[in-house]
Amino acid sequence: MRAALLSGEGDSRTLVVGEIDVPEPGPGEALVRVLMSGICGSDVHFVHHDWARTAFRPIVLGHEAVGLVERHGPGASDPAPGTRVSIHPVVACGSCACCNAARTQICAHRQVLGMDRHGAFADFIVVPAANLVPVPDSLDSTLAAIATDAVATAFHAARRGGVGPGRRVAVWGCGGLGLQAVGVVRALGASEIIAVDPRPDARSRAQETGADVACSPEDAAELLRLEGADVALEFAGTAEAAAAAVRGLTDGGRAVLVGAGPGALDGGSLTAFVMREREVVGSYGSSIDELAEVLAMLADGRLRLPHAIGDVLALEDVALGVDRVRDGALDGGRIVVDIEKGSP
Ligand SMILES: [Zn+2]
Ligand SMILES: [Zn+2]
């Protein structure tokens, strides 16, 4: 089968499409024929940044996928072969303290597709059958692919922040995940959404996705100094944006850090945290139940993401797509690889 493999070290890392054997599903696992697989900012880090490393190389990248169940390994039978499924990207152990507390996304022994085990920029992928969520018929496969990470991660972050009616929410960084977060926050009934991004085109897409106000980080700092946000969702992953998100909270507000990067948090004085009961929490990925909820919301129109998909490429062009994501040329949303496009 064809697969996009990340190989090499440092500056000599390459992402190249080659031929490898179709994997064999083990006990409890399923073989899935991949239809679509989204390119995530994490893929840019794995290909271009030394601080982000996959568990081994060569490794098949790709962790935002939808496909058709091909067949099962021993002991698995559900969902039935032929079912169109979104693939939850985190394989949890099911028995650690976090898994027992229903927080499988931070499982102590978790394996993420395309990071700790082979991913979905390939004709086939093997995953535990428990990671497969059937896709409603009315939902487009491109959206069902990016729902697994870009949308479900935003949904989980909004939940972590307690987003809901009556809440004033600031979304910092309106790229691949933050833009979807604006739509999620709208769907969850927030009373006001302030989208923050230095890029004018990102701001206009955020407004078209449901933001009431879209402004630059400088203008946001000014605006939030007058009246802070109840919830700040931070997707930019820079130390500056995280600090600004925390400083832009109202008394009792909560900042949710989602964007990961090499920086550290400087959120202001201890007094501001203590006397104003400000909270800062991290948010990673999503649960399988949250993915199912996101798919249902997208399918029935409660969640509208008009700019979620930027472009669709063939597997042969995946390295090109990763570079486009790095360069910020997203055309508004995710670049999705159509695995069957251009296949022999
Ligand atoms: Zn991702
Ligand atoms: Zn676990």
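This report concerns the structure included in the present document. Note that this is a predicted model, so its numbers are computed, not measured. Along each chain, residues carry numbers from 1 onward, in the same order as the chain's sequence is written. Chains and ligands are labelled sequentially in the order written, the chains with letters from A and the ligands with numbers from 1. Whole-chain, interface and lining totals are the exception, using all residues; otherwise, since this is a predicted model, local features are given only for residues with pLDDT of at least 70 and side-chain atom pairs are given and counted only at 80 or more. Note: side-chain values were computed over all heavy atoms of the structure, leaving out hydrogens and water.

1. Considering the coordination of the zinc ion (ligand 2)
Phase 1 of the analysis: Ligating atoms shown are N, O and S within 2.8 Å of the metal, or 3.2 Å for Na, K and Ca, and water is not included, meaning a site may look less than complete. Of the protein atoms, only Cys93 (SG), Cys96 (SG), Cys99 (SG) and Cys107 (SG) coordinate the zinc ion (ligand 2), at distances of 2.3 to 2.4 Å.
Phase 2 of the analysis: Any site counts as irregular unless it has four donors with all angles between 85 and 135 degrees, making it tetrahedral, or four or six donors with opposite ones more than 155 degrees apart and the rest between 65 and 115, making it square planar or octahedral. In this structure, the zinc ion (ligand 2) is coordinated by four donor atoms arranged in tetrahedral fashion, with angles at the metal of 102 to 120°.
Phase 3 of the analysis: When the donors of the zinc ion (ligand 2) are listed by position in the chain, the intervening gaps give C-x2-C-x2-C-x7-C. Note that Cys96 is positioned in the loop between strand E7 (90-91) and helix H2 (97-100) and Cys107 in the loop between H2 and strand E8 (111-112), a separation of eleven residues in sequence.
Phase 4 of the analysis: For Cys107, a relative accessible area of 2% translates into the label buried. Counting from the N terminus, the helices are the DSSP runs of H or I reaching at least four residues and the strands are the DSSP runs of E reaching at least two. Buried residues are those whose accessible area, probed at 1.4 Å on protein chains only, stays under 20% of the maximum for their type, while exposed residues exceed 50% and partly exposed ones sit between those limits.

2. Some details on the pattern of salt bridges
Phase 1 of the analysis: A pairing counts as a salt bridge when a side-chain nitrogen of Lys or Arg comes within 4 Å of a carboxyl oxygen of Asp or Glu. Under the criterion given, the structure shown has 23 salt bridges.
Phase 2 of the analysis: Across the salt bridge formed by Arg159 and Glu293, the nearest N and O atoms sit 2.9 Å from each other. Of the two residues, Arg159 is situated in helix H3 (residues 141-161) and Glu293 in helix H9 (residues 288-299); the sequence distance between them amounts to 134 residues.

3. Concerning the coordination of the zinc ion (ligand 1)
Phase 1 of the analysis: For the zinc ion (ligand 1), the full set of protein donor atoms is Cys40 (SG), His63 (NE2) and Asp149 (OD), and the range of their distances to it is 1.8 to 2.2 Å.
Phase 2 of the analysis: A residue is classified by how much of its surface remains accessible, and Cys40, at 4% relative accessible area, is buried.
Phase 3 of the analysis: Owing to a relative accessible area of 10%, Asp149 belongs among the buried residues under this scheme.

4. Notes on the packing of helix H1 (residues 41-48) against helix H10 (residues 318-326)
Phase 1 of the analysis: To get an axis, a line is fitted to the C-alpha atoms, and for a helix only the part in contact is used. The angle between two axes follows their N-to-C directions and goes from 0 to 180 degrees. Two elements in contact, H1 and H10, have axes whose closest approach is 9 Å; the angle formed by their N-to-C orientations is 105°. Judged on the interaxial angle alone, H10 and H1 are roughly perpendicular. On H10, the residues touching Gly41, Asp43, Val44, Val47 and His48 of H1 are Val322, Asp323, Val325 and Arg326.
Phase 2 of the analysis: When residue character is reported, Ala, Val, Leu, Ile, Met, Phe, Trp, Tyr, Cys and Pro are called nonpolar, Asp, Glu, Lys and Arg charged, and the others, Gly included, polar. In terms of residue class, the contact of H1 with H10 is built from four nonpolar, two polar and three charged. We call two directions roughly parallel when the angle between them is under 35 degrees, roughly antiparallel when it is over 145, roughly perpendicular when it lies between 65 and 115, and oblique otherwise. Whether two residues touch is decided by their heavy atoms; if any such pair falls within 4.5 Å, the residues are in contact.

5. Comments concerning the side chain of Ser141
Phase 1 of the analysis: Here Ser141 lies in helix H3.
Phase 2 of the analysis: Whenever two N or O atoms come within 3.5 Å, that pair is a polar contact, provided that in protein one can donate a hydrogen and the other can accept it, and provided that, for residues adjacent in sequence, both atoms are side-chain atoms. For Ser141, the side chain forms a polar contact with the side chain of Arg84, separated by 2.9 Å.
Phase 3 of the analysis: Leave out the neighbours within four places in its chain, and Ser141 touches Leu35, Met36, Val66 and Arg84.

6. Observations regarding the side chain of Arg84
Phase 1 of the analysis: Looking at the element boundaries, Arg84 is found in strand E6 (residues 84-87).
Phase 2 of the analysis: Despite its burial, Arg84 pairs with no opposite charge, the nearest such side chain being Asp137 at 5.1 Å.
Phase 3 of the analysis: Among all residues touching Arg84, those that are not within four sequence positions of it are Leu35, Val66, Gly67, Leu68, Val133, Pro134, Val135, Pro136, Asp137, Leu139, Asp140 and Ser141. The charge count includes Lys and Arg as positive and Asp and Glu as negative, but it does not include His or the ends of the chains.

7. Observations concerning the nonpolar core
Side chains of nonpolar character tend, in soluble globular proteins, to be buried together.
Phase 1 of the analysis: Residues Val151, Val169, Val171, Val182, Val185, Leu233 and Phe235 are the most contacted members of the largest nonpolar core, which totals 49 residues.
Phase 2 of the analysis: No other element matches the twelve residues that H3 contributes to this core.
Phase 3 of the analysis: Setting aside residues up to four positions removed in sequence, Val171 forms contacts with Gly178, Ala181, Val182, Val185, Ile193, Ile194, Ala195, Val196, Leu233 and Phe235. Here, the term nonpolar core denotes a set of buried Ala, Val, Leu, Ile, Met, Phe, Trp, Tyr and Cys residues that are joined through side-chain atoms within 4.5 Å.

8. Digging into the sheet that holds strand E11 (residues 168-172)
Phase 1 of the analysis: Two strands are said to pair when DSSP picks up at least two bridges between them. As summarised here, the arrangement of the six strands in space is E13-E12-E11-E14-E15-E16, forming an open sheet in which the pairing is parallel. This sheet does not close on itself; its edge strands, each paired only once, are strand E13 (213-215) and strand E16 (279-282). When strand polarity is set aside, the average angle formed by the axes of neighbouring strands in this sheet is 15°.
Phase 2 of the analysis: Note that strand E14 (residues 229-234) and strand E15 (residues 249-257) share five bridges and pair parallel. Looking at E15, one finds that Ala232 is bridged to Ala255.
Phase 3 of the analysis: Against the sheet, H3 touches E14, E15 and E16, its axis set at about 150° to E15.
Phase 4 of the analysis: Packing of helix H6 (residues 217-226) onto the sheet brings it into contact with E11, strand E12 (192-196), E13 and E14, and relative to E11 it is tilted by some 155°.

The values are spatial; any link to function lies outside them.
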